[in-house]
Amino acid sequence: QIWNHYKGKEITTDHIRSFLEQFEEVENQRIIFDLLINTKFYTNSEIREKLSDLFTEVRKIIHEHGKTFLTKERVRKHNDIIVSYLDGNPSKSGPEYAKLFVEANSIYKDNTSIPEKIIKKIKNNENINAVVFIDDFIGTGGSIIENLENLLENLLDSIIQNDIIIIIGIITGFQEAKYKVELFASKYN
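Thresholds applied
- Residues numbered from 1 in each chain as written.
- Predicted model: local features only at pLDDT ≥ 70, side-chain atom pairs only at ≥ 80, totals over all residues.
- Heavy atoms only, no water.
- Phe/Tyr/Trp six-rings, centres within 6.5 Å; stacked < 30°, edge-to-face > 60°.
- Helix = DSSP H or I, 4+ residues; strand = E, 2+ residues; numbered from the N terminus.
- Pairing = 2+ DSSP bridges.
- Axes fitted to C-alpha atoms, helices over the stretch in contact; angles between N-to-C directions.
- Contact = heavy atoms within 4.5 Å.
- 1 Å grid on protein atoms, 1.4 Å probe; cavity = no way out; pocket = protein on both sides within 12 Å on 5 of 7 lines; lining within 4 Å.
- Points joined across faces, edges and corners; volume = space filled by probe spheres on them.
- Core = buried A, V, L, I, M, F, W, Y, C linked by side-chain atoms within 4.5 Å.
- Buried < 20%, exposed > 50% of the residue type's maximum accessible area, 1.4 Å probe, protein only.
- Parallel < 35°, antiparallel > 145°, perpendicular 65-115°, else oblique.
- Nonpolar A, V, L, I, M, F, W, Y, C, P; charged D, E, K, R; others polar.
- Expected span 1.5 Å × (residues − 1).
- Arc of directions from axis to C-beta.
- Left-handed = near helix turned anticlockwise from the far one by under 90°.

A. Summary view of the packing of aromatic side chains. Applying the stated criterion across every chain yields a total of four aromatic pairs. Pairing Phe19 with Phe23 gives two aromatic rings, centres 5.7 Å apart and planes at 70 degrees, and the pair type is edge-to-face. Between Phe137 and Phe174, the aromatic rings sit 5.6 Å apart at their centres with planes inclined by 80 degrees, giving edge-to-face as the arrangement. With a gap of 37 residues between them, Phe137 in strand 4 (residues 130-138) and Phe174 in the loop between strand 5 (165-173) and helix 7 (175-186) connect regions that are remote in the sequence.

B. Broad picture of the sheet that holds strand 4. The sheet built from three strands is open, its strands ordered 3-4-5 with parallel pairing. The open sheet is flanked by strand 3 (81-84) and strand 5, the only strands paired with a single partner. The average angle at which neighbouring strand axes cross in this sheet is 25 degrees, direction not considered. Its contacts with the sheet place helix 3 (residues 44-64) against strand 3, strand 4 and strand 5, and it is angled at close to 155 degrees to strand 5.

C. The arrangement of the environment of Asn127 in detail. Within the secondary structure layout, Asn127 lies in the loop between helix 5 (118-124) and strand 4. Sequence-wise, Asn127 and Ile145 are 18 residues apart; in three dimensions their C-alpha atoms are separated by 27 Å.

D. Here's a closer look at the layout of surface pockets. In this model, the largest pocket occupies a volume close to 1,100 Å³. As for the largest pocket, its lining consists of 35 residues, of which Ile61, Ile166, Ile167, Ile168 and Ala185 are closest to the centre. Breaking the lining of the largest pocket down by element, the ones donating at least two residues are helix 3, helix 6 (142-161), strand 5 and helix 7. With nine residues, strand 5 is the largest single contributor of residues to the lining of the largest pocket.

E. Structural detail: the environment of Val83. Within the secondary structure, Val83 is located in strand 3. Counting along the chain gives 60 residues from Val83 to Phe23, while the straight-line C-alpha distance between them is 42 Å. Look past the residues within four positions of Val83 in its chain and what remains in contact with it is Ala98, Phe101, Val102, Ile107, Asn111, Thr112, Ser113, Val132 and Ile134.

F. Molecular detail of the nonpolar core. The biggest cluster of nonpolar side chains holds 21 residues, and the ones touching the most others in it are Val58, Ile81, Val83, Phe101 and Ile134. Secondary structure elements with two or more residues in this core: helix 3, strand 3, helix 4 (94-104), strand 4 and strand 5. Per element, the largest residue contribution to this core is six residues, and it comes from helix 3. Discounting chain neighbours no more than four positions away, the residues touching Val58 are Ile81, Phe101, Val132 and Ile167. Among the nonpolar cores identified, the runner-up in size contains 19 residues, and Ile118, Ile138, Leu151 and Ala177 belong to it.

G. Summary view of the packing of helix 3 against helix 4. Direction vectors running N to C along helix 3 and helix 4 enclose 70 degrees, while the axes themselves pass 9 Å from each other. For the element pair helix 3 / helix 4, the angle class is roughly perpendicular. Between helix 3 and helix 4, the residues in contact are Ile47, Arg48, Leu51, Leu54, Phe55 and Val58 and Tyr97, Leu100, Phe101, Glu103 and Ala104, respectively. Here the residues of the contact of helix 3 with helix 4 are counted per class, giving nine nonpolar, no polar and two charged.

H. Up close: helix 7. Taking 1.5 Å as the rise per residue, helix 7 with twelve residues should run 16 Å; its terminal C-alpha atoms sit 16 Å apart, in good agreement. When we look at burial in helix 7, the residues that qualify are Ala177, Val181 and Phe184. Relative to the axis of helix 7, the buried residues are bounded by an arc of 60 degrees and lie together on one face. Turned more than 90 degrees off the buried face of helix 7, the exposed positions are Glu176 and Leu183. On the buried face of helix 7, the contacting elements are strand 4, helix 6 and strand 5.

I. Summary view of the packing of helix 1 (residues 13-20) against helix 2 (residues 26-37). Here helix 1 crosses helix 2 at 135 degrees, and the two axes come no closer than 10 Å. Between helix 1 and helix 2, the angle falls in the class oblique. Of the two possible hands of crossing, helix 1 and helix 2 adopt the one that is right-handed. Residues Ile16, Phe19 and Leu20 of helix 1 lie in contact with helix 2, whose contacting residues are Gln29, Ile32, Phe33 and Leu36. For the contact of helix 1 with helix 2, the residue count by class is six nonpolar, one polar and no charged.

Here you go:
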């Protein structure tokens with residue numbers, strides 16, 4: 001893959017050569033070059049497209065569970081989904097992607113939540129069908145599993161009592177990590 005720009009700056013062959021020079025041995029430079037060639041950068045429009053595709057999947061899952069997908073009368077914004085992120089650190093990318101998901105898919109911005117306040121949001125809105133956790137990347141799946149496990153300790157009763165679907169939406173990542181998270185999730189049905 002060839003990149004024309006990164007963060008608004010043109011990437012030239014000279015930039016790449018200069019970057020590779022920090023790896024002194026030719027073998028190491030070749031390894032890093034191969035990594036660069038196989039790295040995919042997502043543009044803002046590609047990210048929004050992925051989030052839109054994810055929303056289509058969310059609607060499909062809600063429908064498959066026999067739930068009605070709700071919008072307020074005469075308003076085309078959805079109020080039956082809570083959107084959050086799994087990493088409790090607000091300086092990471094999760095909160096930003098949750099916000100983008102809400103904006104890109106006509107969901108009320110009040111339906112976003114920090115993880116600690118999801119139970120309160122569920123109690124305040126009896127129409128909630130799903131809680132969608134958004135993140136940009138899944139590497140090993142370990143941090144998603146750890147954060148979800150911690151969150152479910154407090155959330156599980158409310159989720160079961162209100163028959164709410166949990167959905168984890170990732171923009172990109174590794175298939176093996178996806179299977180690890182799915183295996184973990186199957187324990188909770």
